[in-house]
Amino acid sequence: MKHSTALPIRSVLTFGLVLGLMLAPGEMALAKSGGGGGGDAAPAEDSRHRSLTSSDTYLPLPPLMATVQANYRARGNLQIEAGLDVEDARLRRQIEQAMPRLRNAYVTALSVYTGVNYRYGAVPDADRIAQLLQDATNMTLGTDEARVLIGMVIVNSD
């Protein structure tokens, strides 16, 4: 009986971690605007989300995560760092407004990948992940003008 109660608790903790990551962009905006507490928070947040390029068309995405399972247990996390290459300034503003919907689509796509396509212990398929994220982007935005760029794919095992 003890074993069966540990899985839901772990799932709740994983859900809390994913939810915390989804809320992080709003907290970062508060830190940049000077609200939300001490002045030391803004430099720490800025250093975490440093720009990988000087290109004005690149929009970095917050880290994306999904739980990796095997034998009906959480075994680790799949972590993705990615960004969007968007030529149109109007679309970049639209993406910033739609970021909560995009993050939801990305987390859903990664959860499907870890649940259906990925086998614990194997090397993640970055091409398949990029295609899933691109499909989620196109469907959410209703256009194919934003190109997904993958920077890192890591599986952290428990």
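This text follows the structure it describes.
Analysis parameters
- Residues numbered from 1 in each chain as written.
- Predicted model: local features only at pLDDT ≥ 70, side-chain atom pairs only at ≥ 80, totals over all residues.
- Heavy atoms only, no water.
- Helix = DSSP H or I, 4+ residues; strand = E, 2+ residues; numbered from the N terminus.
- Buried < 20%, exposed > 50% of the residue type's maximum accessible area, 1.4 Å probe, protein only.
- Contact = heavy atoms within 4.5 Å.
- Areas by Shrake-Rupley, 256 points an atom, 1.4 Å probe, with all protein chains shown as cover.
- Pairing = 2+ DSSP bridges.
- Arc of directions from axis to C-beta.
- Phe/Tyr/Trp six-rings, centres within 6.5 Å; stacked < 30°, edge-to-face > 60°.
- Axes fitted to C-alpha atoms, helices over the stretch in contact; angles between N-to-C directions.
- Left-handed = near helix turned anticlockwise from the far one by under 90°.
- Nonpolar A, V, L, I, M, F, W, Y, C, P; charged D, E, K, R; others polar.

1. With respect to the overall build of the protein chain
Regarding its fold elements, the protein chain presents five helices and four strands. Helices and strands in the protein chain line up, N terminus first, as α-α-β-β-β-α-α-α-β. Residues classed as buried in the protein chain amount to 36% of the 158 residues present. Residue pairs at least 24 apart in sequence account for 67% of intrachain contacts in the protein chain once pairs closer than 6 positions are excluded. On the protein chain, roughly 9800 Å² of surface is accessible, and the fraction owed to carbon and sulfur atoms is 55%.

2. Quick look at the pairing of strand β2 (residues 64-70)
In terms of burial, β2 is largely enclosed, as six of its seven residues are buried. Here seven bridges tie β2 to strand β3 (residues 73-86), and the two strands are oriented antiparallel to one another. Its bridge partner being in β3, Leu64 is matched across the sheet by Ile80. Adjacent in sequence and paired antiparallel, β2 and β3 are bridged by two residues, among which Asn71 carries a positive phi angle near 55°.

3. Some details on helix α3 (residues 89-97)
Every buried residue of α3 is accounted for by Leu91, Arg92 and Ile95. Mapping the buried residues of α3 onto a view down its axis gives an arc of 105°, with all of them on the same face. With respect to the buried face of α3, the exposed residues turned more than 90 degrees away are Arg93, Glu96 and Gln97.

4. Examining unusual backbone geometry
Although it is not a glycine, Asn71 sits at a positive phi angle of roughly 55°. Along the chain, the position of Asn71 falls in the loop between β2 and β3. Among the residues examined, Asn71 registers a relative accessible area of 62% and is labelled exposed. Although it is not a glycine, Tyr72 adopts a positive phi angle of roughly 60°. By secondary structure assignment, the location of Tyr72 is in the loop between β2 and β3.

5. Thoughts on the packing of aromatic side chains
If you walk through the whole model with that rule in mind, you get one aromatic pair. Both rings, one in Tyr113 and one in Tyr118, keep their centres 6.1 Å apart while their planes meet at 35°; by these two values the pair is tilted. On the basis of relative accessible area, Tyr113 is assigned to the buried category, the value being 3%. Under the relative-accessibility criterion, Tyr118 is labelled buried at 5%.

6. Considering the environment of Pro63
When you line up the elements, Pro63 lands in the loop between β1 (58-60) and β2. Along the sequence, Pro63 and Gly83 sit 20 residues apart, while their C-alpha atoms lie 9.5 Å from each other.

7. Topic: the packing of helix α4 (residues 99-117) against helix α5 (residues 126-141)
Helices that pack against each other are described as a pair by the angle of their axes relative to one another and the distance between those axes. Where α4 meets α5, the closest approach of the two axes is 9 Å, and the angle between their N-to-C directions is 145°. Seen along the crossing, α4 lies across α5 with a hand that is right-handed. Residue-level inspection shows Arg101, Leu102, Ala105, Tyr106, Ala109, Leu110, Tyr113 and Asn117 of α4 in contact with α5, the latter providing Arg128, Ile129, Leu132, Leu133, Ala136, Thr137, Thr140 and Leu141. When its residues are assigned to classes, the contact of α4 with α5 shows 11 nonpolar, three polar and two charged.

Honestly, it's all geometry; don't read function into it.
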